[in-house]
Structures are given as structure tokens and as C-alpha cells.
Amino acid sequence: MSKFGELIDVNIPVLLDFYTEWNEQSTAMHPILRDVAAALGDKAKVIKIDVDKNQELSEALRVKGLPTFIIYKDGEMQWRQSGELDADTLITKLQQYA
């Protein structure tokens, strides 16, 4: 969990994608997230978190639906939403916090 704090306590927005490999909506988001990361470059970070391998963190953040997206900036949660989203929506959200 302390490593999680280091990941989110930065002055650029960090998009967390909580997913599993067995969830079709989660895997459908992989290429979209690559596009988001490429479009924003070093203005934001995109981090994928497999809920099966990070159950303690997923439970602590009360992740229920997949995929779940959370944006952090300076260690504070700024935005959260579950379900599939398009690249433009995610880019726009991240730019709001950049």
C-alpha cells in the first residue's frame, strides 16, 4: 500500500484502471488506454491495476464494477467512474486536472 501512495502522490493526473483479464469490458479498454497514454505523453500517467492481483487495494478503494477508473492528483482522488469510456472522454477528464 505504501507503494500506491508513491504512485498517486505526483503533481500530474494519474488515471488508474482497475481491470481483470476475464472481464470483456476491461480487456476492451486496453487499446483505448494505450491511445490515452500516447495522446497525453508526460502530462499524465495511466496505470493498470489487476484486481485479482491487488485485492487489498481494490477492496480499500471499494472497486465493485469493472472497469473502474479513478483519477488522482497530488495524492487526492479527483474523479471516479465505472464502465467503458471512450478515449476522448478520458483525455478530456485528465486534461481538466493537468
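Scroll up for the structure.
Residues numbered from 1 in each chain as written. Predicted model: local features only at pLDDT ≥ 70, side-chain atom pairs only at ≥ 80, totals over all residues. Heavy atoms only, no water.

The next thing to look at is the side chain of Thr20. One can find Thr20 in the loop between β1 (14-19) and α2 (24-28). Classification of Thr20 by relative accessible area gives buried; the value is 0%. Within the local environment of Thr20, its side chain forms a polar contact with the backbone nitrogen of Asn23, the two atoms lying 3.3 Å apart. (Helix = DSSP H or I, 4+ residues; strand = E, 2+ residues; numbered from the N terminus. Buried < 20%, exposed > 50% of the residue type's maximum accessible area, 1.4 Å probe, protein only. Polar contact = N/O pair within 3.5 Å; in protein donor to acceptor, adjacent residues only side chain to side chain.)

The buried fraction of β1 is high, at six of six residues. Burial along β1 is two-sided: Val14, Leu16 and Phe18 facing one way and Leu15, Asp17 and Tyr19 facing the other are all buried. The pairing of β1 with strand β2 (residues 45-50) spans six bridges and is parallel. Across the sheet, Leu15 pairs through a bridge with Val46, a residue of β2. Inspection of the sheet shows β1 paired to strand β3 (residues 68-73) by five bridges, in the antiparallel sense. By the bridge assignment, Leu15 is partnered in β3 with Ile71. (Pairing = 2+ DSSP bridges.)

If you check which residues of helix α5 (residues 87-97) are buried, you get Ala87, Leu90, Ile91, Leu94 and Tyr97. Across the axial projection of α5, the buried residues extend over an arc of 125 degrees, all falling on one side. If you follow the buried residues of α5, they end up packed against β1, α3 (30-40), β3 and β4 (76-82). Its side-chain oxygen 3.0 Å from the backbone nitrogen of Asp88, Asp86 forms the N-cap of α5. (Arc of directions from axis to C-beta. Contact = heavy atoms within 4.5 Å.)

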